[in-house]
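Architecture at a glance
Each chain, letter by letter, is given below.
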Amino acid sequence: MTDNGSRLTDDEYEQKNRIYQITGNWLFKEPLLYDVFATHQLAVNQKMGCTLRTGQGRIEFNPFFSRHYNDNDLEELLKIEVMRIILKHPYTRRPDGVRDDASFVGSDMIIVQYCKTSFNDPTEIYTPERLQIPRGYCYEEYCKILTQLFDSLPPEESGQKTKIN
């Protein structure tokens, strides 16, 4: 069942089970990731424009996007989302005066720099190099730099930088 009480489609059900199989393997090889994942509700959200998103005790996924990744890449994306929860960003650790899209992209930049991941899909994850920003800043500094950058862009370009849909 989905959050609104309707039944899952076959694709939604298949992708949800696939995510549970991937994360179930973490029980012994990545127990911290498994424990954090298990504290959140896995929910379908076909309205968002990205594969995964975390917040408010949920890990949402869009089956339209998740089915395009092999299990290894989907696992890497899941690890990145769980790392967001552990690091408490971009939601509960967002600096004052920072744009929502800047906090998401800043989170990407920290995770790809400091957490071991082999995932490198520029349509999902931003790197400092992609936006021509030096490496080595902390999350809060990236958020401020990105807010200034996004504020300087035309609205149509700035809107393309966000995962918030």
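The following paragraphs examine the structure supplied in this document. This one's a predicted model, so the numbers in the text were calculated from it and none came from an experiment.

According to the stated counting rule, one finds 4 aromatic pairs in the structure shown. Arranged with centres 5.2 Å apart and planes meeting at 80 degrees, the rings of phenylalanine 64 and phenylalanine 65 form a pair that is edge-to-face. The class for phenylalanine 64 is partly exposed, based on a relative accessible area of 45%. For phenylalanine 65, a relative accessible area of 25% corresponds to the partly exposed category. An aromatic cluster is defined as three or more aromatic residues linked by ring pairs; in this entry it consists of Tyr20, Trp26 and Phe37. A cation over an aromatic ring shows up here: arginine 130 above the ring of tyrosine 126, its NZ or CZ 4.0 Å from the ring centre.

With that out of the way, let us pick up the sheet that holds strand 3 (residues 58-61). Read across the open sheet, the 3 strands follow the order 1-3-2; overall the sheet is mixed. A single partner strand is all that each edge strand has here, and the edge strands are strand 1 (41-44) and strand 2 (52-55). On average, each strand axis in the sheet is inclined to that of its neighbour by 25 degrees, with strand direction left out of account. Across 4 bridges, strand 2 lies against strand 3 in antiparallel orientation. Of the residues in strand 3, the one forming a bridge with leucine 52 is phenylalanine 61.

Before going further, it helps to examine the nonpolar core. In this structure, Ile19, Phe37, Leu78 and Val82 are the most contacted members of the largest nonpolar core, which totals 23 residues. Among the secondary structure elements, those contributing two or more residues to this core are helix 1 (10-24), helix 3 (31-38), strand 1, strand 3, helix 5 (71-87) and helix 6 (100-114). Element by element, the count of residues in this core is highest for helix 5, at 6 residues. Sequence-distant contacts of leucine 78, that is, excluding residues within four places in its chain, are made with Ile19, Ile22, Thr23, Trp26 and Leu52. With 13 residues, the next largest nonpolar core counts Val98, Val105, Met109 and Cys143 among its residues.

On to unusual backbone geometry, then. Most peptide bonds adopt trans geometry, and most residues besides glycine take a negative phi value. One non-glycine residue with positive phi stands out, namely glutamine 56, at about 55 degrees. Residue placement: glutamine 56 occurs in the loop between strand 2 and strand 3. Judged by its relative accessible area of 80%, glutamine 56 is exposed. The backbone phi angle of glutamine 132 is positive, close to 55 degrees, even though this residue is not glycine. Residue classification places glutamine 132 among the exposed positions, given a relative accessible area of 75%.

Calculation notes
- Counting restarts for each chain, with residues numbered from 1 along the sequence as it is written.
- The predicted origin of the model limits local features to residues at a pLDDT of at least 70 and limits the giving and counting of side-chain atom pairs to 80 or more, whereas totals for whole chains, interfaces and linings rest on all residues.
- In computing side-chain properties, one takes all heavy atoms of the structure into account and sets aside hydrogens as well as water.
- Any two rings among Phe, Tyr and Trp, with Trp reduced to its six-membered ring, count as a pair given centres within 6.5 Å; such a pair is stacked if its planes are under 30 degrees apart, edge-to-face if over 60, and tilted if neither.
- Here's how the labels work: a residue is buried when its accessible area is under 20% of the maximum for its type, exposed when over 50%, partly exposed in between, all with a 1.4 Å probe on protein chains only.
- A ring has a charge above it when a Lys NZ or an Arg CZ is no more than 6 Å from the ring centre and no more than 35 degrees off the ring normal.
- A pair of strands counts as paired when DSSP detects no fewer than two bridges linking them.
- Secondary structure elements are taken from DSSP: a helix is a run of H or I of four residues or more, a strand is a run of E of two residues or more, and numbering for both begins at the N terminus.
- Structural elements are reduced to axes, namely lines fitted to C-alpha atoms, with helices fitted over the stretch in contact, and the angle between N-to-C directions of any two is expressed from 0 to 180 degrees.
- The nonpolar core is taken to be a set of buried Ala, Val, Leu, Ile, Met, Phe, Trp, Tyr and Cys residues, with the residues joined through side-chain atoms within 4.5 Å.
- The contact criterion used throughout is that any non-hydrogen atoms of two residues lie within 4.5 Å.

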